[in-house]
Amino acid sequence: MFIFDAHADTLSVLAERGEAYDLGTLKDSHVNLPGMRKGGLKAQIFAVYVPKKYCPGMALHAALKMVDIFWRNLELYHEFLMPVLCRNDLRPGEYSPRIGCLLSIEGGEALEGSLANLRILFRLGVRALTLTWNNRNELGDGIGEGERASGLSGFGCEVVAEMNRLGMLIDVSHLAEKGFWDVLALSKAPVIASHSNAYTLCRHPRNLTDDQIRALADQGGIVGVNFFPKHVTDSPDNCTIEDVVDQIMYLYQVGGSDAIALGSDFDGIGSTPVGLEDVGKMPGLIPALEKRGLPTAVIEKIMGLNLLRVVNQVLPERSS
Ligand SMILES: [Zn+2]
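Presented here is a report on the structure given in the accompanying data block.

Rules of the game
- Residues numbered from 1 in each chain as written.
- Predicted model: local features only at pLDDT ≥ 70, side-chain atom pairs only at ≥ 80, totals over all residues.
- Helix = DSSP H or I, 4+ residues; strand = E, 2+ residues; numbered from the N terminus.
- Buried ≥ 20, exposed ≤ 12 C-beta atoms within 10 Å, placed from the backbone.
- Contact = placed C-beta atoms within 7 Å.
- Pairing = 2+ DSSP bridges.
- Axes fitted to C-alpha atoms, helices over the stretch in contact; angles between N-to-C directions.
- Parallel < 35°, antiparallel > 145°, perpendicular 65-115°, else oblique.
- Nonpolar A, V, L, I, M, F, W, Y, C, P; charged D, E, K, R; others polar.
- Expected span 1.5 Å × (residues − 1).
- Bend = angle between axes of the 7 residues up to and from the residue.

Within the protein chain one finds 11 helices and 9 strands. Referenced to the eigenvectors of the C-alpha coordinate spread, the extents of the protein chain come out at roughly 50 × 45 × 40 Å. A burial count over the protein chain gives 51% of its 320 residues as buried. Of the contacts formed within the protein chain by residues at least 6 apart in sequence, a portion of 73% connects residues at least 24 apart.

In structure tokens, the structure reads:
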């Protein structure tokens, strides 16, 4: 099965551990190369998260360091990993021994208010941007701004238009609700919420209302199911894989079969559901979804084909 995860923070772990570690040797993380191979992963979106201590002033510098870590790992493990840069770099029907890696930036702080920086990051292989983290940045307000949160700034609107032009995935996870609706009104391409869940099942501000889920689905976008127990259920201490399946089934009811993906948030979360402790456990979702009566064709979409559809719709055509 084509398993494609929309969000992991493993580059942050690699940046913290330093030069001695790479994806092959990394231990005590949710994601590493042996785990990805064990889990039968076919593709992964790797996020470059820029911690607040680098903002403002050093955000782009910090992001570039992690972009370098991404490329050094792809070089080191080129037999097993390949970059996803263009439409159809990933083809589900064709067997490929290499796992596709798509580079994303989590937090528009990295742009430091400049469209030129967005274009430079695109040239460095970045193909997705989570517009905000929880705080306000130059693009708009994250959900951490609470009741007073505004929508997209003028610059945020320019970024959306430029991302549409370049062929980049616009990611609305972490964005405050006003900004979410601004993006959906502006974007000419399907939008993703790479790691967000349904608010009806878990009343966390990071999660999406039914209206938001329906709007993403209607627009051809996807919601990547986040595995973080606090985002999965209102009883996070007892969270298991079945609670994650509950989220998937609810998203299926509200948004239909084309709008669901996986957005583990591995290596960005302090705890995991029982049964989904790391990337090697990902295939455990397949029998769990079968037990709920979902047909194989729908399970395939959830496990990766929906996200793949959006990637192959949004990314640029190969130019040569
Ligand atoms: Zn996040």
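More follows now that the structure is in view.
Further remarks concern the pairing of strand 1 (residues 3–8). Within strand 1, 6 of the 6 residues are buried, which leaves the element mostly enclosed by the surrounding structure. The pairing of strand 1 with strand 2 (residues 41–49) spans 4 bridges and is parallel. Bridged to D5 within strand 2 is Q44.

The subject of this paragraph is unusual backbone geometry. The omega angle of the peptide bond from C55 to P56 is -10°, so this bond is cis rather than trans. Residue placement: P56 occurs in the loop between strand 2 and helix 3 (59–76). Located in the positive-phi region is D28, a residue other than glycine, with phi close to 55°. Assignment of secondary structure puts D28 in the loop between helix 1 (10–17) and helix 2 (33–38). The phi torsion at H174 lies on the positive side, around 80°, for a residue other than glycine. With respect to the secondary-structure elements, H174 resides in the loop between strand 6 (169–171) and helix 6 (177–186). Looking at H174, the number of C-beta atoms within 10 Å reads 25, which means it is buried.

For the rest of this paragraph, the subject is the environment of V67. On the secondary structure map, V67 appears in helix 3. Considered as a pair, V67 and G154 are 87 residues apart in the sequence and their alpha carbons are 27 Å apart. Setting aside anything within four residues of it in sequence, one finds V67 in contact with V48, L103, L124 and V126.

Before going further, it helps to examine the packing of helix 1 against helix 3. Viewed as axis vectors pointing N to C, helix 1 and helix 3 meet at an angle of 100°, and their least axial separation amounts to 10 Å. Relative to helix 3, the element helix 1 lies roughly perpendicular. Listed contacts from helix 3 to L11, L14 and A15 of helix 1 are K65, M66, I69 and F70. Looking at the contact of helix 1 with helix 3, its residues break down into 6 nonpolar, no polar and 1 charged.

Our next topic: helix 11 (residues 296–314). Helix length check: helix 11, at 19 residues, gives a terminal C-alpha distance of 26 Å against a target of 27 Å (1.5 Å per residue), a fit within 8%. In the structure, helix 11 departs most strongly from a straight axis at I302, where the bend amounts to approximately 65°.

This next bit is on helix 3. Helix length check: helix 3, at 18 residues, gives a terminal C-alpha distance of 26 Å against a target of 26 Å (1.5 Å per residue), a fit within 8%. Listed as buried for helix 3 are A59, L60, A62, A63, M66, V67, I69, F70 and N73. Where the residues of helix 3 are buried, they touch helix 1, strand 2, strand 3 (81–83), strand 4 (99–106), helix 4 (115–123) and strand 5 (126–130).

Keep in mind these values describe shape, not function.
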